[in-house]
Amino acid sequence: MADAMETALRRISSSETFRLAHQQRELLAFLVNRLKATPPDEFKESIIGLEFFGRRAGYDPKADPIVRVEAHRLRRRLETYYRTEGSKDPWRIVLGKGNYIPTLESPPSASFAHPLLAVFVRSEDEMTSLGMTAELVRNLGRLKNVRVLA
């Protein structure tokens, strides 16, 4: 699954849609690389503001919405990419609304010979659900001949 994420990131990064969108391209690469090394519960807006956007200690996301604004722009640009030149990509990187954790999905029309596992985690705490889902997807994605969908 990590290889598929890397391949999808390379396609996006070299696309015409992202050619002039340096900050969005770099933000996506930052989030994908962070997913490899960091637990999903550390995908907080304030941490992204500090580490990616270089905000200072004491950064308040409510007063400075840079992370939300740029994540929104990134989601829109990804939608454009997958509607146009990425429409035939076998995997799609998706940033769900309300979080900054990149997930890998197959397009609705793709057909695969491998079984599909859908992962749903329910918890009273949304961040716990997101973190557990991302961790399960990451670990199940290591299985050969299985597709995992969050």
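Further up the page is the structure itself.
Below is a short write-up of the structure. All residue numbers here refer to positions counted from 1 along the written sequence of the relevant chain. This being a predicted model, a pLDDT of at least 70 is required before a residue's local features are given, and a value of 80 or more before pairs of side-chain atoms are given or counted; all residues contribute to the totals for chains, interfaces and linings. The basis for the side-chain values is all heavy atoms of the structure; hydrogens and waters are excluded.

Description of the overall build of the protein
A run of H or I in DSSP counts as a helix once it spans at least four residues, and a run of E counts as a strand once it spans at least two, with each numbered from the N terminus. Across its full length, the protein carries five helices and four strands. Its helices and strands in sequence order give the protein the pattern α-α-α-α-β-β-β-α-β, from N to C terminus. Exposure classes here rest on a 1.4 Å probe applied to the protein chains alone. A residue is buried below 20% of its type maximum, exposed above 50%, and partly exposed in between. Put simply, the protein has 150 residues, and 41% of those count as buried. Contacts were defined at the residue level, with two residues in contact if any of their heavy atoms lie within 4.5 Å. In the protein, once contacts between residues fewer than 6 apart in sequence are set aside, the share between residues at least 24 apart is 53%. Only the protein chains shown count as cover for residues, and all accessible areas are computed by the Shrake-Rupley method using a 1.4 Å probe. Element-wise, carbon and sulfur atoms account for 53% of the exposed surface of the protein, whose accessible area totals about 8900 Å².

Observations concerning the packing of helix H1 (residues 2-13) against helix H2 (residues 22-37)
Axes are the key here: two packed helices are described by the angle between their axes and the distance separating the axes. Lines fitted to the C-alpha atoms define the axes, with helices restricted to the stretch that makes contact. Angles between their N-to-C directions range from 0 to 180 degrees. Running from N to C, H1 and H2 cross one another at 170 degrees; their axes reach a closest spacing of 10 Å. When the axes of H1 and H2 are compared, the pair comes out roughly antiparallel. Contact residues: Met5, Glu6, Leu9, Ile12 and Ser13 in H1; Arg25, Leu28, Ala29, Val32, Asn33, Leu35 and Lys36 in H2. Class assignment for the residues of the contact of H1 with H2 results in seven nonpolar, two polar and three charged. By the definition adopted for this analysis, an angle is roughly parallel if under 35 degrees, roughly antiparallel if over 145, roughly perpendicular if from 65 to 115, and oblique otherwise. Note that Gly is not counted as nonpolar here; it falls among the polar residues with everything else outside the nonpolar set of Ala, Val, Leu, Ile, Met, Phe, Trp, Tyr, Cys and Pro and the charged set of Asp, Glu, Lys and Arg.

Focus: the nonpolar core
We call a set of buried Ala, Val, Leu, Ile, Met, Phe, Trp, Tyr and Cys residues a nonpolar core when their side-chain atoms join them within 4.5 Å. Formed by 32 residues in total, the largest nonpolar core has its most connected members in Ile12, Leu28, Leu31, Ile48, Leu74 and Ile93. What Leu28 contacts, discounting residues up to four positions off in sequence, is Leu9, Ile12, Leu74, Leu78 and Ile93.

Quick notes on the side chain of Gln24
Mapped onto the elements of the fold, Gln24 is located in helix H2. Looking at Gln24, the relative accessible area reads 9%, which means it is buried. Every residue in contact with Gln24, bar those within four places of it in the chain, is listed here: Phe18, Glu70, Arg73, Leu74 and Arg77.

Structural notes on the pattern of salt bridges
Pairing is possible between side chains of opposite charge, provided their charged atoms come close. What makes a salt bridge here is a side-chain nitrogen of Lys or Arg within 4 Å of a carboxyl oxygen of Asp or Glu, nothing more. All chains considered together, the criterion is met by eight salt bridges. For Arg34, the salt bridge goes to Glu51, with nearest N and O atoms at 2.6 Å. Note that Arg34 is positioned in helix H2 and Glu51 in helix H3 (residues 45-51), a separation of 17 residues in sequence. A residue is classified by how much of its surface remains accessible, and Arg34, at 9% relative accessible area, is buried. We note a salt bridge from Asp64 to Arg55, for which the minimum N-O separation is 2.6 Å. You can call Arg55 partly exposed: its relative accessible area is 28%.

Everything listed here is a matter of coordinates, which is why it stays silent on function.
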